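Residues per chain, in single letters:
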Amino acid sequence: MCGIIGYVGNRNVIEVLMKGLSALEYRGYDSSGAAIISDNKTKIYKAEGKLQNLKNLLNEKADEVKDSHVGIGHIRWATHGVPNLINAHPHTSNCGKIAVVHNGIIENYKELREKLTKMGAEFKSETDTETVAHLVAFKYKETHDLKEAVTLAAKELEGAYALCVVHQDEGNKIVATRRNAPLVIGIGDGEMFAASDVPAMIEYTKQAIYLDDNQVAVLTNDKIELFDENNKQIQPKIELLPWEPVSLSKMGYKHFMLKEIHEQPNVIRNFLTGKIHTAKEKVKLDEVKLDFEQLKQMNRIQIVACGTSLHAAMVGKYIIEELCNIPVDIEPSSEYIYRHTVTDEKTLVIGVSQSGETADTLTAVRQSKARNSHILIITNRPDSSMAREADSLIPVDAGIEVSVAATKSYIAQLTAFYLLAIHLAEIKNSCDNDKLVNLKNELLILPQKIELFLTKKEKIQKCSRMYSSSKNFIFIARGLNYPTALEGALKLKEISYINATGYPAGELKHGPIAMIDETLPVLSILMDGKVYEKVLSNAQESKARNARMIALTDVDSDERLEELFDFVLNVPHVDELVSPIMAIVPLQLLAYYIAEFLGKDVDQPRNLAKSVTVE
Ligand code: M6R
């Protein structure tokens, strides 16, 4: 979490930093700040709350820094210390000459703080980052060289960091380094950039260097000097970014989330293009670097992911087991990494992550890699840290997702799992061909059905208004839509702050049913298929306790539904196997309209960040 940016060059520094931070706002938005070298002084500007507050401040102060060519900026998602002005970055040394912006967590900050305090440092904030500013200052006293000072300081840091550091006495440069946190350097013509992510700089350059752990870069306007972990100067490897300047336009939609929900049919279409030609042909998934012999060696699959990606993984387990007859375990990455997992070269480990930077999933993937497992990564960011760990990489190509609540990336991950499962089944010959042909056909016609549904949102809007005052919400489903219930509940709680929970419908009577009374909405996911009748009878149990009854269904000929439910949300009929893709769309919209009706900040909900780069 947190986003950092650095700029050296002749453009308007404030403009570059603010545009860059806007593009990084998905990483955090509780406070922000900048350090700008001007008149040989390190000048610090900070604001609480949204980035707009810093922009307003810098507009007022523009004259103070108009001669500047060097600046660093930060957008914060608080880990250590509440989001206030003192804890906002940049943090400075006591002499005020050195300024630091940081993404990550310094795990040994308490020990360092104690040590540095004894040495005379006076701490102002509660942050872990301030230790870096003081540490660099002490090293600078020894070396009188910013690069050396940062290099020595970094050796004493434990944890994760991407850092940009400036010093007013070396006011033409930025020193940048990283370990376990993303940092990309942009090479321009007479200008250099450093940022947590590509969108912060793509407007200005397409040439980039991805720093490896422990490398240190010194950026001046006309050159980059790069040093490896032994402090030996090395030749930077410049890559051409396959990016166009990112359009951050809402295209007429009120929020990015709504726009991204509407992009979903095309996300599926794009993903399928080139991979399924006709239903009768085999899936073409060259991204998977496993042949029949290698696959024969694999005796299990483990999938690691967090949040929405974990829900996609749960659907993935269901589909892979159904088609490929391989046991699949799924686990939240944060649990996986702190226990003894039985993982070896016979395990295919799949990491799923929209951002490709989620710290827990990245650690899980690295742990499995160290145990010689084949690593398959499903991500929306083929340029991410996780993608670089992959033996097989499936980019889901959903396009940049701005809203913190994941929608189109989820649909894209689901599509990836269907294709992967079909592909593995075709290699292994583990499934009846008619079933695979039917599934491919269903996938091909799905975008149209979702489009059709998206033209009829009035009922969802009405339902959202009716239930928006609820304090709690329950979603129930069974089988491969149990993850849909979890994802529907996650969407609702993260953007409306309503306490929403997803349950396997059969579990309701084993405890949760105690909560049901006439105030509680219970939304039953009733997609046509083998568990339809079962969910219906579980819904009866809620009705008998006077719950407020909502159904989501693709069945339109069952008279019992109108009798049992107060509200029936219909979607076009789909094959049971692909129903998680269809069923999630109305639930995304339900969450969206409830949050919008309640006046919540839909795209940037409180306390969240899109990319969770701390464990
Ligand atoms: O980038 P990742 O997919 O690894 O992120 C995982 C979760 O942090 C993410 O899905 C989160 O749950 C979203 N806010 C869900 O909308």
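In every chain, residue numbers begin from 1 and rise along the written sequence. Residue-level local features of this predicted model are given only where pLDDT is at least 70; pairs of side-chain atoms are given and counted only at 80 or more, and the full residue set underlies all totals for whole chains, interfaces and linings. Only hydrogens and water are set aside; all other atoms, that is, all heavy atoms of the structure, feed into the side-chain values.

Engineer: Give a description of the side chain of histidine 423 that names residues and reports values.
Structural biologist: Put simply, DSSP H or I for four residues or longer makes a helix, DSSP E for two residues or longer makes a strand, and each gets a number counted from the N terminus. Checked against the element boundaries, histidine 423 lands in helix α12 (residues 408-428). When a residue's accessible area, from a 1.4 Å probe over protein chains only, is under 20% of the maximum for its type it is buried; when over 50% it is exposed; and in between it is partly exposed. Judged by its relative accessible area of 11%, histidine 423 is buried. In this description, contact between two residues means that some pair of their heavy atoms is separated by no more than 4.5 Å. When near neighbours in sequence (up to four residues on either side) are disregarded, histidine 423 contacts Val283, Leu285 and Val288.

Engineer: Describe the site of the ligand, naming the residues involved and giving the relevant values.
Structural biologist: Taken together, the neighbourhood of the ligand is formed by 14 residues, with Ser309, Ser353, Ser355, Thr358 and Glu494 sitting nearest. For this analysis, a polar contact is any N or O atom pair within 3.5 Å, provided that within protein one partner can donate a hydrogen and the other can accept it, and provided that sequence-adjacent residues contribute only side-chain to side-chain pairs. In this structure, an oxygen atom belonging to the ligand sits 2.4 Å away from a side-chain N or O atom of threonine 358. At 2.8 Å from an oxygen atom of the ligand is found a main-chain nitrogen or oxygen belonging to alanine 406. Here the Shrake-Rupley method, with its probe set to 1.4 Å, supplies the accessible areas, and only the displayed protein chains count as covering residues. Against a free-state accessible area of 410 Å², the protein chains account for coverage of 91% of the ligand. Sort the elements by how many residues they give to the shell around the ligand and helix α9 (residues 307-324) lands first, with three residues. For the shell around the ligand, the residue count by class is five nonpolar, seven polar and two charged. Residues are labelled near a given molecule or strand when at least one of their non-hydrogen atoms is within 4 Å of it. Ten residues, namely Ala, Val, Leu, Ile, Met, Phe, Trp, Tyr, Cys and Pro, are considered nonpolar, four, namely Asp, Glu, Lys and Arg, are considered charged, and the remaining ones, Gly among them, are considered polar.

Engineer: I'd love a proper account of the domain arrangement of the protein chain, names of residues and values included.
Structural biologist: When its domains are assigned, the protein chain resolves into domain 1 (3-248), domain 2 (256-454) and domain 3 (458-597). Note that the domain bounds reflect an automated or database-derived domain assignment. Using only C-alpha atoms to locate each centre, domain 1 and domain 3 end up separated by 46 Å.

Engineer: How would you explain empty space enclosed by the protein if you had to name every residue and give the values?
Structural biologist: Buriedness of a pocket was judged along seven lines, with at least five required to meet protein on both sides within 12 Å; pockets are open sets of points on a 1 Å grid over the protein atoms alone, cavities are sets where a 1.4 Å probe fits but cannot get out, and lining residues have an atom within 4 Å of a point. Grid points are joined across faces, edges and corners, and a volume is the space filled by probe spheres set on the points. Using the criterion set out here, one finds two cavities of 30 Å³ or more in the structure. Quantified by volume, the largest cavity comes out at close to 90 Å³. Taken together, 15 residues make up the lining of the largest cavity; nearest its centre are Cys2, Trp77, Thr79, His89 and Gly104. Here the lining of the largest cavity is composed, by residue class, of five nonpolar, eight polar and two charged.

Engineer: Please set out the state of the cysteines residue by residue, giving values where relevant.
Structural biologist: Any two cysteine sulfur atoms within 2.5 Å of one another count as a disulfide. This structure, assessed with the given rule, holds zero disulfides. Cysteine cysteine 306 remains unbridged, with the sulfur of cysteine 2 as its closest cysteine sulfur at 18 Å. A relative accessible area of 24% means that cysteine 306 is categorised as partly exposed.

Engineer: Break down the sheet that holds strand β3 (residues 41-48) for me, with residues and values.
Structural biologist: Two strands qualify as a pair provided DSSP detects at least 2 bridges between them. Read across the sheet, eight strands follow the order β3-β2-β4-β1-β10-β9-β11-β15 without closing on themselves; strand pairing throughout is antiparallel. The sheet terminates laterally at β3 and β15 (239-240), the two strands that pair on one side only. Where strand β1 (residues 3-8) lies against strand β4 (residues 70-76), six bridges are found, and the strand directions are antiparallel. By the bridge assignment for β4, glycine 3 is matched with isoleucine 75.

Engineer: Which residues make up the sheet that holds strand β21 (residues 472-477), and what are the values?
Structural biologist: In spatial order, the strands read β22-β21-β23-β24-β25; together these five strands make up an open sheet with parallel pairing. Of all strands in the sheet, those bounded by a partner on one side alone are β22 (499-504) and β25 (567-570). Here the strands of the sheet are splayed against their neighbours by 20° on average, with no regard to which way each runs. Pairing of strand β23 (residues 521-526) with strand β24 (residues 548-553), which is carried by six bridges, proceeds in the parallel orientation. Note on β24: the bridge partner recorded for serine 524 is alanine 551. Orientation is described by lines fitted to C-alpha atoms, with helices fitted over the stretch in contact, and by angles between N-to-C directions that extend from 0 to 180 degrees. The strands touched by helix α15 (residues 482-496) are β21, β22 and β23; relative to β22, the strand with the most contacts, the crossing angle is about 175°.

Engineer: Help me get a handle on helix α7 (residues 264-272), residues and values and all.
Structural biologist: Those residues of α7 that sit buried are Gln264, Pro265, Val267, Ile268, Phe271 and Leu272. Relative to the axis of α7, the buried residues are bounded by an arc of 165° and lie together on one face. Its buried side turned inward, α7 meets α6 (256-262), β20 (392-395), α12, α13 (433-454) and α18 (579-597). Downstream of α7 by one or two residues, glycine 274 has phi in the positive range, about 85°. The arc in question is traced by the directions running from the helix axis to the C-beta atoms.

Engineer: Could you give me a rundown of the packing of aromatic side chains, with the residues and numbers involved?
Structural biologist: Any two rings among Phe, Tyr and Trp, with Trp reduced to its six-membered ring, count as a pair given centres within 6.5 Å; such a pair is stacked if its planes are under 30 degrees apart, edge-to-face if over 60, and tilted if neither. Summed over the entire model, instances satisfying the criterion amount to six aromatic pairs. Ring centres 5.3 Å apart and planes at 10° place the aromatic pair phenylalanine 193 and tyrosine 204 in the stacked group. Pair noted here: phenylalanine 193 is in strand β10 (residues 192-195) and tyrosine 204 is in the loop between β10 and β11 (207-210), with a separation of 11 residues, a long-range link. Residue phenylalanine 193 is classed as buried on the basis of its relative accessible area, which comes to 0%. Here tyrosine 204 falls in the buried class, since its relative accessible area comes to 15%. Across the ring face of phenylalanine 227, the terminal group of lysine 147 is positioned such that the distance to the ring centre comes to 3.8 Å. Above the plane of the ring of tyrosine 497 lies arginine 606, whose end atom (NZ or CZ) is 3.9 Å from the centre. Criterion for a charge above a ring: Lys NZ or Arg CZ within 6 Å of the ring centre, and within 35 degrees of the ring normal.

Engineer: Just give me the short version of the side chain of histidine 134, but keep the residues and values in it.
Structural biologist: Relative to the assigned elements, histidine 134 resides in helix α4 (residues 129-143). The class of histidine 134 is buried, set by a relative accessible area of 2%. Not counting residues within four places of it along the chain, the set of residues in contact with histidine 134 comprises Thr92, Ser93, Asn94, Leu116, Ala121, Glu122 and Phe123.

Engineer: Lay out α15 with the relevant residues and their values.
Structural biologist: In this model, α15 (15 residues) spans 21 Å end to end at C-alpha, consistent with the 21 Å of a helix rising 1.5 Å per residue. For α15, a buried count of 12 out of 15 residues is recorded, marking the element as mostly surrounded by other parts of the structure. Those residues of α15 that fall on the buried side of the exposure criterion are Pro483, Thr484, Ala485, Leu486, Glu487, Gly488, Ala489, Lys491, Leu492, Glu494, Ile495 and Ser496. At the exit of α15 stands tyrosine 497, carrying a positive phi of roughly 65°. Expected span, for any helix, means 1.5 Å times one less than how many residues it has.

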